[in-house]
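Structural overview for review
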Amino acid sequence: MKLKQKCKIALDVCMTLLLFVLMAYQITGQLAHEWVGAAMFLCFIAHHILNARWAGGLLKGTYNGFRIFQTAIDLLLLADMLTLMVSGIQMSRYVFAFLPGFGSIAAARRLHMLASYWGFALMSVHLGLHWGMVTGMFRKVRVSKPSPARTAAAWGVAGLIGAYGVYAFWRNQIWMYLFLRAEFVFFDYSQSPVRFFLDYLAMMGLFVFLTYGAVKLLRRKKKAVQT
């Protein structure tokens, strides 16, 4: 594997971990949240520098249904991250406090809340679109040959994670934040960090496995039509 590819993978892993920490505001507090957000901002810039060819190829080639969907997710995620950064800087009390204020703090708070939860969902879907690369890496390092039993077991585990993800999605009322049905985020300070991260890991798994499963199903149908 080339060094650039290794850097991309390491950066993606780092951004995913930072995402979980950013969602845990009630655990980290304001100061740590801002520093982690600044780190995510730097990782975001580095990610787009390493993937500069993506922007250059947007107007090249043909667009089928899958490429349209993938590009739409990428562009929405880009817009979402920019929204998070601008609104986060506007509300900053520590890291970017030296910058002059602009606009309404109340509007920035609502926008930041909306972009936070949509960003989590979009990053999870984005990961699901590229989950085939992750499974491909595991196949390369696996010693034993694949078997239908292990494949079925893997999908069974994915189903259990997804089922718990649905429960966690409803219990944490994520749908309210995605559609601005609440003015403020309800932070359960009595919830243990372990339970919090398990909930969000399961919710990310739900989006990842749904997206990955849909992609595999569509590709199988396409192959069946072509043959």
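Let me sum up the structure you'll find in this document. Please read these numbers as outputs of a predicted model, since none were measured by experiment.

Rules behind the numbers
Residues numbered from 1 in each chain as written. Predicted model: local features only at pLDDT ≥ 70, side-chain atom pairs only at ≥ 80, totals over all residues. Heavy atoms only, no water. Helix = DSSP H or I, 4+ residues; strand = E, 2+ residues; numbered from the N terminus. Expected span 1.5 Å × (residues − 1). Polar contact = N/O pair within 3.5 Å; in protein donor to acceptor, adjacent residues only side chain to side chain. Core = buried A, V, L, I, M, F, W, Y, C linked by side-chain atoms within 4.5 Å. Buried < 20%, exposed > 50% of the residue type's maximum accessible area, 1.4 Å probe, protein only. Contact = heavy atoms within 4.5 Å. 1 Å grid on protein atoms, 1.4 Å probe; cavity = no way out; pocket = protein on both sides within 12 Å on 5 of 7 lines; lining within 4 Å. Points joined across faces, edges and corners; volume = space filled by probe spheres on them. Nonpolar A, V, L, I, M, F, W, Y, C, P; charged D, E, K, R; others polar.

**Looking at helix H5 (residues 105-129)**
When the terminal C-alpha atoms of H5 are compared, their 35 Å separation across 25 residues agrees well with the 36 Å that a helix rising 1.5 Å per residue should span. Capping the start of H5, Ser104 holds a side-chain oxygen 3.3 Å from the backbone nitrogen of Ala106, two or three residues further along.

**Re the nonpolar core**
In a soluble, globular protein the nonpolar side chains are often hidden away together inside. In this structure, Tyr117, Phe120 and Tyr200 are the most contacted members of the largest nonpolar core, which totals 42 residues. Elements with a minimum of two residues in this core: helix H1 (3-23), helix H2 (25-50), helix H4 (65-91), H5, helix H7 (148-171), helix H8 (174-178) and helix H9 (193-226). Here this core takes nine residues from H5, the largest share from any one element. If we ignore the near neighbours within four places in the chain, the residues touching Tyr200 are Phe20, Met23, Tyr117, Phe120 and Ile174.

**A closer look at the layout of surface pockets**
Empty pockets left among the atoms are what a rolling probe the size of a water molecule brings to light. Its volume calculated, the largest pocket comes out at about 1300 Å³. Lining the largest pocket are 44 residues, and of these Asp12, His47, His126, Leu127 and His130 sit closest to its centre. Mapped onto the lining of the largest pocket, the elements with two or more residues apiece are H1, H2, helix H3 (52-56), H4, H5, helix H6 (131-141) and H9. No other element matches H1, which puts ten residues into the lining of the largest pocket. In terms of residue class, the lining of the largest pocket is made up of 27 nonpolar, twelve polar and five charged. Quantified by volume, the second largest pocket comes out at close to 900 Å³. Lining the second largest pocket are 33 residues, with Tyr25, His33, Met91, His112 and Ser116 positioned closest to its centre. Taken together, the elements giving at least two residues each to the lining of the second largest pocket come down to H1, H2, H4 and H5. Of the residues belonging to the lining of the second largest pocket, the class tally is 21 nonpolar, eight polar and four charged.

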